Amino acid sequence: MASCHVCDLRVLVATVCGLLTAIVLGLGIWRIVISVETETLTPTANTTIKFCRNGGTWENGRCVCPEEWRGWRCTIPYFCESSTSDDLTFARIPVGKYGSSQETCGENTLNVGYPIATRMCNISIYGEIVLENVTKGNCDENLKTLENKIDNMGAQLENISSETQILTSNVSKMTPENITSAARVVGQIFNTSRKASCEAKDTAVSTVSQLLSVSEDVFQEVPDAPPDDDAFTTLIQQMESYSLSLKNNSVVKPNVAVQTVSFSTKSTVLFSVKKGDSDSLISGSITVDTNVSNPNPDAETELQILLNTSKSNTKCGFIVYQNSKFFRSKIFKPKSNFSQKIISGKTDDTKKDQRTSVEIVFNPRYDPKTFQIHSYACVYWNFIKKDWDTNGCHKRRGADEFLYCHCNHTTNFAVLMSFEKKYKYPASLDILSNVGCALSITGLALTIVFQIVTRNVRKTSVTWVFVSLCTSMLIFNLLFVFGIENSNKNLVKRDNDTNKMDSDKNEIPTQDTVVMSNPTCTVMAVLLHYFLLVTFTWTGISAAQLYFLLIRTMKPLPQHFIVFISLIGWGVPAIVVALTVGIIFSQNRNDPQWELQYRQEEICWLAVPDKKDLITSPFLWSFVLPVTIILINNIVIFIIIIVKVIWKNNRNLTSTKKVSSLKKILSMLSIAVVFGITWILAYLMLIDNDVIRTVFSYMFCLFNTTQGLQIFILYTVRTKIFQDEASKVLKLLSLSTGKKKSLPSVTSLRLRVRMYNMLRSFPALNEHFRLLEPSVITEETTLSESDQANPSI
């Protein structure tokens, strides 16, 4: 009975390891089956119904159409077809816009490359879409020459206005200097002292609309103007005067709308902007109501301004700007493409009337699935400061999702909003990841202790490489378990009700996006990046050392090999990570969110770029590329060892004649674990199929979270030293309970050694090389000779 107890020790160890592996495998298979069933039975969130046509997008319960289409599903054409007139060709033109001719000015002209003519697509009084006549320009006039001409009191303002509109029709060719010149020309056309015609001013409004379509980056490069010669300030002020001269009429262009309202008695005027099928302003989206006591926004309202004055026989002028590009603030710096509409309300009363009040309602257009409003401020444009100001304006609470403001004066108003991005923070690590990482951490810690404590007994030269690999893998697993989650996850707002924001604080935000900085997460991403690169580097070093020991056995390793490989294993990854962080910081030092160029916000790991930015991304050059090179190197060496060592029988070696296929497979698995071959599953996760990707994702998680456990089983549990020590401990425990042991018989000894040989990783190679356990196994050798003498055993 005593001999059976000792004999069963290794069987017990093998059974426990097998049970652990079976549990982890079972969890993985169960998760894969559940996930596949979920993917099959439930449509994914990415599954979209192509309800909106012609490039329309579904937002807030409706289709938002491109400017060339209208209708519920963006199926109604809203453009003029391609046309030819006077030997000039025009492409498709959206309604309300000018189209440029495909023919451009020649090389010997001032306007080389600019269109020769423009043509407008408009809607007739009968509601039909019609093309207007072609307007030809002068190729020897540019915006600078027009700016010089406009100062001449006898200048032909209608021709200058037309030329300016033609030269600004191609917004992609606009420069900062062109913007300044065009703004100065248009400002003079609106000047009442110049007495420009209504047609010239109408064309000038089109030019203003075109200028507002120029890229924000180009506007940012416009140099600051002298205080007494600011083209934008002059333009805004002259536009206000123009808004009082339309005699109850309106001029609506895609990016600007102007309306005049006259009344003879004390009254209130409600000016509303409705949401359209697209982002462009159209005549039908502007409405005016009088004698309204309060704003009355509905689901289609984007903007309302209620002007209440105690004066009679008054004119009111309203202007809507699609964006704030003319209002160049030094306080508020927009960084994104959020729509920050500007609304201007002005009366013709030259005296300052403190009894005039303004109620403003904003319903900002943004994607609530991606962003939420963090804060907002009710402001007006202060012409003296040439910046936004809050004096006389304050917030008001409402019972809905609209933003309410109240001001005691009239001018250009805005609601400056700051948004914070909604990140989909992942759930905490699931049971599969937790169990796998816990087992790996325990196994790696025990393996490191075992390798260090038994180094002298085993007399091996591989301990430093193996311990370095296990140490880096252990630290990475610890960082992964305790640091991969971003602590900002706990700061996510659950409530997006704008009226629950602090209504007493009317502070101007500095930019339109809120920075949720988390230096701790950045440091954690750097450490994870470093230690994972270190782990892969040591797998590459292990592969190289195995190659030298097994394939080139007659050539000794270089001198100072340990120092050399240590510098590579721990130093090269540090250089890669330091260079990556340094380059990203130097390129984005003025961006408060520069760290998001390096890491993700959802988790503390490297930022994964879009497909279009993949080539220039640090993720590719500082992680994917070096890891791919190491894996290719490891796979090549792995194949060489399999062909030339493991599956090659040497007739001169007794042990290789008796090696079974199972033992060779175990040997392959042992090398594959150290080489990190299972990481190739990460590349299979890139397959564009949800079910296949899910299967490989769980396989990747299963094999790589338990990599430390695999190393412990293959390189610690299965060694003779570990099993002998475990046998001694078990024997002491048995003796302490009063159970006496007898010495095992010779037959029992042979059975135990056979079981030991079945479990070892490199049993067939003991006479060829001694890698992880180079000490002489006398018990195995004795048994081999005894088996030859007595085949019946």
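Residues numbered from 1 in each chain as written. Predicted model: local features only at pLDDT ≥ 70, side-chain atom pairs only at ≥ 80, totals over all residues. Heavy atoms only, no water.

Visitor: Before we move on, could you go through the pattern of salt bridges and cite the residues and values that matter?
Guide: Under the counting rule described, the total for this entry stands at 15 salt bridges. One salt bridge in this structure joins Glu147 and Arg184, with 2.6 Å as the shortest N-O distance. Pair noted here: Glu147 is in helix H2 (residues 143–149) and Arg184 is in helix H4 (residues 176–190), with a separation of 37 residues, a long-range link. Take Glu147 and Arg184: they sit in the same class, and that class is buried. Put simply, Arg599 and Glu595 hold a salt bridge, and the shortest N to O gap is 2.6 Å. Taken individually, Arg599 and Glu595 each receive the classification buried, so the pair is uniform in this respect. (Salt bridge = Lys/Arg side-chain N within 4 Å of Asp/Glu carboxyl O. Helix = DSSP H or I, 4+ residues; strand = E, 2+ residues; numbered from the N terminus. Buried < 20%, exposed > 50% of the residue type's maximum accessible area, 1.4 Å probe, protein only.)

Visitor: Talk me through the packing of aromatic side chains; I want residue IDs and the actual numbers.
Guide: Applying the stated rule across the entire model yields 25 aromatic pairs. Aromatic pair Trp605 and Phe623: ring centres 5.3 Å apart, planes at 90°, arrangement edge-to-face. With Trp605 in the loop between helix H12 (561–587) and helix H13 (618–646) and Phe623 in helix H13, the pair connects residues that are 18 residues apart, well separated along the chain. On the basis of relative accessibility, which here comes to 15%, the residue Trp605 falls in the buried class. By relative accessible area, Phe623 is classed as buried at 10%. Clustering of aromatic rings is evident, with ring pairs tying together Phe219, Phe232, Tyr321, Phe326, Phe327, Trp381 and Trp388. Residue placement shows Arg73 over the ring face of Phe51; its charged tip is 4.6 Å from the ring centre. Sitting over the ring of Tyr376, Lys395 keeps its end group 4.4 Å from the ring centre. (Phe/Tyr/Trp six-rings, centres within 6.5 Å; stacked < 30°, edge-to-face > 60°. Lys NZ or Arg CZ within 6 Å of the ring centre and 35° of its normal.)

Visitor: For the sheet that holds strand E23 (residues 403–407), give the residues involved together with the corresponding values.
Guide: The strand order E15-E14-E16-E19-E23-E22 describes an open sheet built from six strands, whose pairing is antiparallel. A strand with exactly one partner marks an edge of an open sheet, and here the two such strands are strand E15 (286–290) and strand E22 (393–396). Strand-to-strand twist in this sheet, taken as the mean axis angle between neighbours without regard to direction, amounts to 20°. The sheet contact formed by strand E16 (residues 301–309) and strand E19 (residues 357–362) spans six bridges and is antiparallel. Note that in E19 the partner of Asn308 across the bridge is Ser357. (Pairing = 2+ DSSP bridges. Axes fitted to C-alpha atoms, helices over the stretch in contact; angles between N-to-C directions.)

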